Amino acid sequence: MSSQRLILPINKCRLTASWKTDAYYNRFGFIHYGVDLISTTGAVDGNRTVYASGEGVVLERGYDNVVGNMLAVLYLDAYNRVTGRIEDVVLRYFHLGSMNVSKWQKVTKDTVLGIYGATGSLKVSPHLHIESDTDIAYPLYSPTVYSSNLLKGRKLGANDKTMQNTLEWLHCKTSPPDWQSYSTAQNSFVNTKDWKTEYIN
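Residues numbered from 1 in each chain as written. Predicted model: local features only at pLDDT ≥ 70, side-chain atom pairs only at ≥ 80, totals over all residues. Heavy atoms only, no water.

Caption draft 1: A look at the pairing of strand β9 (residues 112-116). With respect to burial, β9 is a largely interior element, 4 of its 5 residues being buried. By the bridge criterion, 3 bridges tie strand β4 (residues 49-51) to β9 in an arrangement that is antiparallel. Along β9, the bridge assignment pairs Y51 with V112. Looking at chain direction, strand β7 (residues 86-99) and β9 are connected through 3 bridges and run antiparallel. Bridging across to β9, S98 finds its partner in I115. (Buried < 20%, exposed > 50% of the residue type's maximum accessible area, 1.4 Å probe, protein only. Helix = DSSP H or I, 4+ residues; strand = E, 2+ residues; numbered from the N terminus. Pairing = 2+ DSSP bridges.)

See below:
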């Protein structure tokens, strides 16, 4: 079966919070069902660019009062490095400052999805929260929220049974023209296994 290896959505990427860390739960009071990424090249908008991770299609686009501007993009036949399986997966992108794509638009790794920001009610610093879900029939069901205007959260039955650590799907493409790099903040919100660059290659 043919497959695609999804790549990082930020070319010069730093992980600031991992999937489901105890430290995150202890600090903020809720489970972190995704990973948080920022750019290492600066804070100006031109360096906050978020790209699609491969060939896919935008299933949903809108504003959620909790997580802000969000996109749900379906990627078919994606390779998961941990399970070794090839599956269809939806990646959900939260806190976008702006969005550059429309619903049902086809995307490639060179498509600019938007700029990451700090939108929503969570009072976060600018970053991209991204989560993965193999339940492609319900791309707006996210256990990250309890109740909001767009996402169908835990209140309506969303759970993490079909979700996995997003880093399992993402690869660091160090070759041209992307020249990607990956690093971590190495704080208490980052799992130590995620510190290793080879984990994402």
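Caption draft 2: Local environment of the nonpolar core. Counting residues in each nonpolar core, the largest one holds 34 residues, and the members touching the most others are L6, L71, Y75, L91, Y93, L113 and L128. Elements with a contribution of two residues or more to this core: β2 (12-17), β3 (35-39), β6 (68-79), β7, β9 and β10 (128-133). Here this core gets 5 residues from one element, more than from any other, and that element is β7. With near-sequence residues (within four places) excluded, L113 lies in contact with V50, Y51, A52, L71, Y93, S98, M99, N100, V101 and V107. Core analysis: the second largest hydrophobic core is formed by 12 residues, A72, V90, F94 and V145 among them. (Core = buried A, V, L, I, M, F, W, Y, C linked by side-chain atoms within 4.5 Å. Contact = heavy atoms within 4.5 Å.)

Caption draft 3: Highlighting the environment of I86. Summarising the element assignment, I86 is placed in strand β7. A sequence separation of 83 residues divides I86 from S3, and the C-alpha atoms of the two residues are 6.5 Å apart.

Caption draft 4: Expanded view of the state of the cysteines. Under the counting rule described, the total for this entry stands at 0 disulfides. For the unlinked cysteine C13, the closest cysteine sulfur is that of C172, found at 8.0 Å. (Disulfide = S-S within 2.5 Å.)

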